[in-house]
2 protein chains.
Amino acid sequence: ILLPVRTSALNEEIEVLVFLPKNNSYLFSISRVTPAIEYATQTMKLNGLPYSGLNFTVHYENSDCGNEALFSLVERSCMKKPDLILGPVCEYAAAQVVRMASHWNIPVISAGALATGFNQKEKEYSHLTRVAPTYLKMAETFSALFHDFSWKSAVLIYDDDKEERNCYFTLEGVHSVLDAEDYHIHVVVIYSKVDADEIIKETYDYDVVIMCAGADIIRDIMLAAYRRRLTNNSIFFNIELFNSSSYGNGSWKRGDKYDADAKHAYAALNVVTLLRTVKPQFENFSMEVKKSMQKAGISGDGANINMFMEGFHDALQLYAMALHDVIKNGSNKKDGVQITQRMWNRTFEGIAGQVSIDANGDRNGDFSVMTMTDLQAGTYEAVFNYYGNNGTLQKMPVFNRDRFTLQVRHRIPKSEDPD
Amino acid sequence: ILLPVRTSALNEEIEVLVFLPKNNSYLFSISRVTPAIEYATQTMKLNGLPYSGLNFTVHYENSDCGNEALFSLVERSCMKKPDLILGPVCEYAAAQVVRMASHWNIPVISAGALATGFNQKEKEYSHLTRVAPTYLKMAETFSALFHDFSWKSAVLIYDDDKEERNCYFTLEGVHSVLDAEDYHIHVVVIYSKVDADEIIKETYDYDVVIMCAGADIIRDIMLAAYRRRLTNNSIFFNIELFNSSSYGNGSWKRGDKYDADAKHAYAALNVVTLLRTVKPQFENFSMEVKKSMQKAGISGDGANINMFMEGFHDALQLYAMALHDVIKNGSNKKDGVQITQRMWNRTFEGIAGQVSIDANGDRNGDFSVMTMTDLQAGTYEAVFNYYGNNGTLQKMPVFNRDRFTLQVRHRIPKSEDPD
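Parameters and conventions
Residues numbered from 1 in each chain as written. Chains lettered and ligands numbered in written order. Predicted model: local features only at pLDDT ≥ 70, side-chain atom pairs only at ≥ 80, totals over all residues. Heavy atoms only, no water. Pairing = 2+ DSSP bridges. Helix = DSSP H or I, 4+ residues; strand = E, 2+ residues; numbered from the N terminus. Right-handed = clockwise from strand over helix to strand, strands pointing away. Least-squares fit on C-alpha atoms with pLDDT ≥ 70 in both. Contact = heavy atoms within 4.5 Å. Axes fitted to C-alpha atoms, helices over the stretch in contact; angles between N-to-C directions. Parallel < 35°, antiparallel > 145°, perpendicular 65-115°, else oblique. Left-handed = near helix turned anticlockwise from the far one by under 90°. Polar contact = N/O pair within 3.5 Å; in protein donor to acceptor, adjacent residues only side chain to side chain. Nonpolar A, V, L, I, M, F, W, Y, C, P; charged D, E, K, R; others polar. Salt bridge = Lys/Arg side-chain N within 4 Å of Asp/Glu carboxyl O. Buried < 20%, exposed > 50% of the residue type's maximum accessible area, 1.4 Å probe, protein only. Phe/Tyr/Trp six-rings, centres within 6.5 Å; stacked < 30°, edge-to-face > 60°.

1. What about the pairing of strand β7 (residues 184-190) of chain B?
All names here are of chain B. Taken together, the seven bridges between strand β6 (residues 153-159) and β7 define a ladder with parallel strand orientation. Note that in β7 the partner of Ile 157 across the bridge is Val 188. Handedness of the crossover joining β6 and β7 through helix α5 (residues 166-180) is recorded here as right-handed.

2. Regarding the relation of the copies chain B and chain A
Superposing chain B onto chain A requires a rotation of 180° together with a translation of 0.1 Å along the rotation axis, leaving an RMSD of 0.0 Å. On this basis, the relationship between the two copies can be described by a two-fold rotation axis. Proximity to the rotation axis, assessed at the C-alpha, singles out Cys 78 of chain B in chain B; its C-alpha lies 2.7 Å from the axis. Mapped onto chain A, 100% of the interface residues of chain B are again interface residues, and the two copies thus contact each other with one and the same surface.

3. Side note on the packing of helix α1 (residues 30-45) of chain A against helix α9 (residues 280-295) of chain A
All names here are of chain A. Contact pair α1 / α9: the axes reach a minimum separation of 9 Å and the direction vectors enclose 135°. Comparing the axis directions of α1 and α9 gives the class oblique. Our pair here, α1 against α9, has a crossing hand that is right-handed. In contact with Ser 31, Arg 32, Pro 35, Ala 36 and Tyr 39 of α1, α9 contributes Gln 281, Asn 284, Phe 285, Glu 288, Val 289, Ser 292 and Met 293.

4. Some remarks on the sheet that holds strand β14 (residues 379-387) of chain A
All names here are of chain A. Across the sheet, which stays open at both edges, the eight strands sit in the order β7-β6-β8-β9-β10-β13-β14-β15 with mixed pairing between neighbours. The open sheet has two free edges, formed respectively by β7 (184-190) and β15 (392-395), since each of these has just one partner strand. For this sheet, the mean inter-axis angle between neighbouring strands, taken without regard to orientation, is 25°. Where helix α4 (residues 135-149) meets the sheet, it contacts β6 (153-159), β8 (208-212), β9 (235-239), β10 (269-274), β13 (366-374), β14 and β15, and its direction lies at approximately 95° from that of β14.

5. Thoughts on the interface of chain B and chain A
Listed by partner, the interface residues are 12 residues for chain B and 12 residues for chain A. Between the two partners, chain B and chain A, sit four residue pairs in polar contact (both at pLDDT 80 or more). Looking at the side of chain B that touches chain A, the elements that each hand over two or more residues are α2 (68-77) and α3 (91-103) of chain B. When the residues that make up the side of chain B that touches chain A are grouped by side-chain class, the tally is six nonpolar, three polar and three charged.

6. Section: the pattern of salt bridges
Enumeration according to the criterion identifies 38 salt bridges over all chains in this entry. Notably, a salt bridge pairs Asp 325 of chain A with Arg 346 of chain A, separated by 2.9 Å at the nearest N-O pair. In this pair, Asp 325 of chain A is assigned in helix α10 (residues 307-328) and Arg 346 of chain A in strand β11 (residues 346-349), connecting sequence segments 21 residues apart. Residues Lys 333 of chain B and Asp 83 of chain B are paired through a salt bridge, measuring 3.4 Å at the closest nitrogen-oxygen approach. Linking Lys 333 of chain B in the loop between α10 (307-328) and α11 (336-343) with Asp 83 of chain B in the loop between α2 and β3 (84-86), this pair joins segments that are 250 residues apart in sequence. Using a relative accessible area of 3% as the deciding quantity, one classes Asp 83 of chain B as buried. It is possible to trace a salt-bridge network through shared partners that takes in Asp 83, Lys 333 and Lys 334 of chain A.

7. Some details on the packing of aromatic side chains
All names here are of chain B. By the definition in use, this model includes 42 aromatic pairs over all chains. Here Tyr 92 and Phe 169 contribute two aromatic rings whose centre-to-centre distance is 5.9 Å and whose plane-to-plane angle is 55°, an arrangement assigned as tilted. Placement of the pair is Tyr 92 in helix α3 and Phe 169 in helix α5, with a sequence separation of 77 residues. Given the relative accessible area of 37%, Tyr 92 is considered partly exposed.

Right, here's the structure in full:
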């Protein structure tokens with residue numbers, strides 16, 4: 001699974017500290033990610049592979065999504081500092097751990113910490129490498145689409161839970177990119193009570209509507225748009241990167257009396273998601289990880305392989321390659337700056353496909369835009385793929401330009417109700 | 001200087017860690033605050049005073065305004081944890097230190113950390129006591145004024161430096177209070193380039209304009225308001241709590257050709273500031289502290305006694321009283337929860353006057369509203385005092401109701417320029 005380069009024997013004991021939540025409601029819970037990490041350390045040890053001399057000792061710490069990660073890092077590190085930190089994924093936990101680790105010259109690799117703030121690697125986040133595509137990388141997809149279709153304005157609608165704030169951080173990335181390109185942006189925040197009819201009024205004057213919220217909120221908004229005959233007034237997007245069970249499966253279907261309307265409404269909804277790839281080696285990984293999850297009592301949709309599992313697997317591979325280079329150059333595992341630098345600006349074969357880390361230590365991302373292609377069945381297919389490596393937008397055979405072309409807009413004054 | 005209660009001898013060694021910036025551009029720099037802290041520890045040691053058995057060992061750590069404070073706390077605490085932490089003042093430094101200290105059960109007292117977020121004492125900021133009035137306390141002054149004069153709406157204008165964000169946090173407090181009382185609020189953020197004419201257009205429809213920004217920006221805005229004959233269209237406030245040299249002295253005077261206009265414009269500007277008191281004992285404190293500052297090379301306006309010096313002095317007094325109670329109750333200096341609780345909901349005589357800490361561990365604040373009372377000389381006097389203890393607004397003899405009564409507003413359409 002590694003690059004087939006034979007190297008001089010590398011014998012090192014590596015202490016790894018993993019910060020992930022114990023709570024299985026997270027797609028990146030300890031039980032889910034542990035099998036992926038173990039798969040990586042075990043396959044690396046196989047005879048004949050270039051990194052078989054690396055002996056990883058992995059400690060798992062429950063990070064929650066708050067302050068616990070920092071507290072346990074500090075307590076553990078008083079005696080002995082780890083050589084490598086994996087995680088945290090949650091932004092607020094990651095911020096604290098990455099700051100402390102950077103200060104201590106310890107490399108941190110995460111398949112999370114996707115928020116735009118972590119881009120600032122000059123100072124407090126200097127030792128962070130991100131192996132999953134960030135929100136800013138995702139936002140490039142919109143930049144490419146806006147350019148291609150000459151859209152001029154967007155309203156960003158997000159649900160702010162004021163806790164982990166995933167949707168806030170998701171649309172922060174979109175805002176950064178579109179605002180820098182001088183598009184006209186309007187932001188609507190949903191706090192607690194959702195009044196879909198009020199929200200939809202805010203979309204009248206905008207070319208594009210970009211949303212991030214729970215599946216039920218998205219459905220309410222799309223139903224409100226459909227009732228007001230606004231689904232063709234703007235181009236609607238929902239961002240659903242991880243298809244998390246906490247956000248619902250994104251379907252229009254609920255088994256209630258609105259299903260028929262919802263299917264019609266969702267015919268106008270485009271969904272931005274991660275482009276996932278597979279390759280032959282992936283099958284064995286997938287099988288082994290699923291087996292382990294099953295033992296841990298995780299089944300159903302939550303036992304699917306996700307970007308976090310792949311990311312943390314690939315993180316160890318990336319670290320091993322960088323460490324190898326650093327040792328070859330006469331330094332050692334305590335040289336966090338060098339190890340981090342060697343992980344950046346590097347492309348390699350990960351467990352599910354090519355992984356390309358940019359010069360700032362952030363993974364380039366590939367994304368798909370899905371739309372309903374079978375209006376009868378209400379099923380989705382990808383119409384675009386966006387490739388972050390070279391910034392290209394690929395149009396799939398089912399792509400239909402009309403769908404992304406703005407109609408002449410009915411100018412509806414805000415005070416008037418079209419119903 | 002302490003409450004005249006004789007107590008059984010208290011003999012304790014107390015390790016104090018002080019986090020303040022070394023950089024003298026801060027009003028709360030180590031050189032400025034050290035003399036106040038030393039004055040407190042030395043006067044407490046005087047024979048016959050109830051806390052003379054307390055022996056404070058004080059370590060000063062340069063906190064900057066960023067992450068350094070946490071790093072040095074962690075490094076120092078691996079061997080031995082301090083008994084008490086004073087500071088940090090800057091919000092971002094304080095957040096990290098207070099979280100860690102609360103986790104370790106160490107009391108933290110600060111004359112800073114004034115932002116609204118620190119009000120949440122249930123969880124991560126459980127061990128924080130604030131001995132200077134917070135931004136939320138300051139905002140009560142506006143609540144009282146809005147109520148008294150039946151104002152309905154406000155535009156909040158602030159300069160966001162994206163670093164320490166003092167003005168952001170200042171107006172966040174005002175926003176929290178006025179928004180909860182259902183006033184109509186509009187927010188204008190100044191990032192870098194200031195276009196005073198554009199800013200002033202945003203004030204047309206609002207009863208009250210509340211600003212926090214550097215002195216030059218305030219002057220530009222007031223001049224723009226004056227030129228457009230808008231100084232009587234709304235009631236204008238500037239918040240200038242500490243009269244920091246970094247924000248300028250708040251005067252209209254610059255010695256340029258706009259001084260005459262600026263004096264007229266400032267005749268309509270009200271300034272909210274801390275209400276400072278003095279009492280006989282203060283003189284000795286002031287003299288000693290100034291002497292020490294002079295030795296450290298600090299002179300001029302920057303050598304005035306400020307709220308931070310008083311606050312950190314009083315912090316040690318408050319701690320001594322609480323520790324005394326806790327020991328009397330059979331516990332000890334390591335009982336951070338008890339010591340913190342004993343500091344809350346407590347009123348005592350500080351070095352400059354009465355200090356009242358509310359049930360949430362935050363000091364009640366007294367504030368003044370100053371206005372130009374001599375239009376010839378352009379000098380200011382207090383027209384209101386607001387007392388946070390009982391929430392009363394005191395009108396001073398120079399108060400003139402007309403000045404705070406809204407005129408019939410000229411409705412100027414935003415697109416039209418009155419010049």
